[in-house]
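This is what each chain is made of:
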Amino acid sequence: VVVVGSGLAGLAAALEAARAGALVTVLTPARAGRDGSSHRVHALAPWILLTAPWLRGDSPRRFLDDLQRNGGDLQREDVTAVLAARAHDGAVELCSALDLAAVEREPVVLPGDPIARGLRCRPRQTPLLAPLLAECLDHGVRICERALAVGLVLGGDRVAGVVFLDRRAGSLTELPADCVVLACGGVGAVFPRSTAPRWCRGSAIAIAGAAGALLHRPNLTQAIPVTATPPLYFPTTAALLGMRILLGDTPLPRQATLDAATVAIAGAIRHGRSVWLEPAGDDSLALLPPRVRESPTFGRERRVPLAVALHHGIGGIAIDRNGRTSIPALYACGEAAGGAQGGRRMMGTGLLEAWIFGRLAGKAAGCEASRSASAGGGQLAPANGRENEAGRAVVMPPLVRGAAALEAALDRLLGPLTGVRPAGEVAAALAELEAWPLSDGERAGDGEWLAALRRAAAIEVLRAEAGAPVAASAVGQDTEEERR
Ligand SMILES: Cc1cc2nc3c(=O)[nH]c(=O)nc-3n(C[C@H](O)[C@H](O)[C@H](O)COP(=O)(O)OP(=O)(O)OC[C@H]3O[C@@H](n4cnc5c(N)ncnc54)[C@H](O)[C@@H]3O)c2cc1C
């Protein structure tokens, strides 16, 4: 089994696949366990949030109802049901697996939630994923750092391996596999301002899309207001809804939800207005996290400037209850996958999704790989970009001319579309990106492949936004065997 990505979903999948008896390799572009959003969770706010049914009176059923209400029919019911059913146990497991300590004794009521569900935690160890990475290594998982996946090998109708850029050597390498798990995060860094690290640039939908996998609404994303200085800090939902927001000089009427506040702020910034967050009386000052309250900007101005950042990819590759995609032997999980949530995502559920679906996908892939008689045995081979020596097809997003110019164009086109997406601008951005000249791929390195992945992901997002047909519900039903 080859797992692409070493965030929470990737490491959870790798561990389960290894426990199921498979030989597992994890590919990751920089340092294992440190190059994804999972590594950043406690850098954005003073705590990690785990939203799940915790209290008597709450239940998976109530949680499911709320997920569905928020989703507004844009989620996949069967996948959402798995998240709801497993959220509580998953959160307990996650606290143990990552050695998290609760900040308060009880969960808190998050704005907009009908019941206390937000457990605030802090890791006892850092980096956050260190305990899980250690467990993977104990189970014999091979970690391949500085490896950027750029494509898939297809044998007949199924996936038969991964093509990756060996960033040390600067060459493409093929890694045969019985099953591939795409756990390479969301589309955050497709957009120029994002809370996600630069590696999380939609590789999953770029790579799976090139292979013809069904995607589930890749345009569904969550943007949030962040402080412009200190950069990229989330002032908390309570502060954004409880303090005064100024759009230029005009106070924004108090908003009911974080999403409504985000849209209003994004709209104002698009019109060139500066946006500020300031206390509405001394009481509300306490809503600001210490890092913002104690920042030089706040000390000087008694307010902080706001920006909007792409925070989470809600959509992604369409999966079933076990993380299977529409292509045999290809799995997806975590932010790479879509369908667990719809129109409005619940804060504090990203880690749970990564954990729950990472484990399910890893277990299913590990069992499938252990059953199939592997021919390749995971040997590395040079990749020539079109057809490998065994006559299998290699599918990758196309390389482009002028990677640096393309990155600049992506920043220009997608920045204004982070929080609000007017149809005309979406169409114009899509046309420009689709018409971008392609290259023959001679001497492509890091910059070229990163730009190619970002462009391909951006096109998938914009096409879905523009209303191009998006298959949302066609991933296969569970077989009798799986139901048992
Ligand atoms: C700042 C911040 C704070 C957050 N706070 C919370 C919180 O409090 N609670 C909560 O539940 N959720 C939170 N989230 C959301 C949560 O962190 C994510 O949803 C979750 O960690 C996603 O895990 P993942 O494994 O799917 O993706 P990631 O952790 O992003 O991992 C993706 C992995 O894939 C790698 N990768 C990407 N492209 C490639 C490629 N082409 N080839 C090889 N590898 C590749 C990446 O480098 C990385 O290793 C937060 C997110 C951010 C950014």
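These numbers come from a predicted model, not from an experiment.

J.: Explain helix H8 (residues 258-270) to me, and be specific about the residues and the numbers.
T.: For H8, with 13 residues, the first-to-last C-alpha span of 18 Å sits near the 18 Å given by 1.5 Å per residue. By the burial criterion, the buried members of H8 are Leu 258, Ala 261, Thr 262, Ile 265, Ala 266, Gly 267 and Ala 268. Taken together, the buried residues of H8 touch strand S12 (221-227), helix H7 (237-242), strand S13 (244-247), strand S15 (275-278) and strand S16 (304-313). Note on H8: the residue one or two positions beyond its end, Gly 272, has a positive phi of about 80°.

J.: Residue-level account of the pattern of salt bridges, with values.
T.: In this structure the tally under the stated criterion is 23 salt bridges. Arg 167 is the partner of Asp 446 in a salt bridge, and the nearest nitrogen-oxygen pair spans 2.9 Å. In this pair, Asp 446 is assigned in helix H15 (residues 446-465) and Arg 167 in the loop between strand S8 (158-166) and strand S9 (171-176), connecting sequence segments 279 residues apart. Overall, the relative accessible area of 26% leaves Asp 446 in the partly exposed class. The salt bridge partner of Glu 407 is Arg 454, with a shortest N-O separation of 2.6 Å. Here Glu 407, found in helix H13 (residues 403-414), pairs with Arg 454, found in helix H15; they are 47 residues apart in sequence, far enough to count as distant. One connected set of salt bridges, linked through shared partners, spans Glu 16, Arg 19, Glu 93, Glu 135 and Arg 359.

J.: Summarise the site of the ligand; cite the residues concerned and give the values.
T.: As a matter of local geometry, the ligand sits amid 37 residues, with Asp 35, Ser 37, Ser 38, Leu 49 and Ala 149 nearest to it. Taking His 312, its side chain carries an N or O atom lying 3.5 Å from an oxygen atom of the ligand. Measuring from an oxygen atom of the ligand, one finds a backbone N or O atom of Gly 348 at 3.4 Å. Across the complex, the protein chains shield 98% of the 1000 Å² of accessible surface that the ligand would expose by itself. For the shell around the ligand, the secondary-structure elements that each account for two or more residues are helix H1 (8-19), helix H2 (41-44), strand S3 (48-51), strand S7 (147-155), S16 and helix H12 (350-371). Of the residues that constitute the shell around the ligand, the class distribution is 18 nonpolar, 16 polar and three charged.

J.: Explain the side chain of Thr 236 residue by residue, including any values.
T.: Of note, Thr 236 is situated in the loop between S12 and H7. Thr 236 sits in the buried class, given a relative accessible area of 9%. Ignoring any residue separated from it by four or fewer positions in sequence, one finds Thr 236 in contact with Trp 47, Leu 287 and Pro 289.

J.: Please give an account of the sheet that holds strand S11 (residues 215-216) that cites residues and values.
T.: Spatially, the three strands line up as an open sheet ordered S11-S17-S19, and their pairing is mixed. One side of each edge strand has no neighbouring strand; the edge strands of this open sheet are S11 and strand S19 (337-338). Both S11 and strand S17 (residues 316-318) contribute to a ladder of two bridges, which runs antiparallel. For Leu 215, the partnering residue across the bridge sits in S17 and is Ile 317.

Cut-off values and rules
Residues numbered from 1 in each chain as written. Predicted model: local features only at pLDDT ≥ 70, side-chain atom pairs only at ≥ 80, totals over all residues. Heavy atoms only, no water. Helix = DSSP H or I, 4+ residues; strand = E, 2+ residues; numbered from the N terminus. Expected span 1.5 Å × (residues − 1). Buried < 20%, exposed > 50% of the residue type's maximum accessible area, 1.4 Å probe, protein only. Contact = heavy atoms within 4.5 Å. Salt bridge = Lys/Arg side-chain N within 4 Å of Asp/Glu carboxyl O. Near = heavy atom within 4 Å. Polar contact = N/O pair within 3.5 Å; in protein donor to acceptor, adjacent residues only side chain to side chain. Areas by Shrake-Rupley, 256 points an atom, 1.4 Å probe, with all protein chains shown as cover. Nonpolar A, V, L, I, M, F, W, Y, C, P; charged D, E, K, R; others polar. Pairing = 2+ DSSP bridges.

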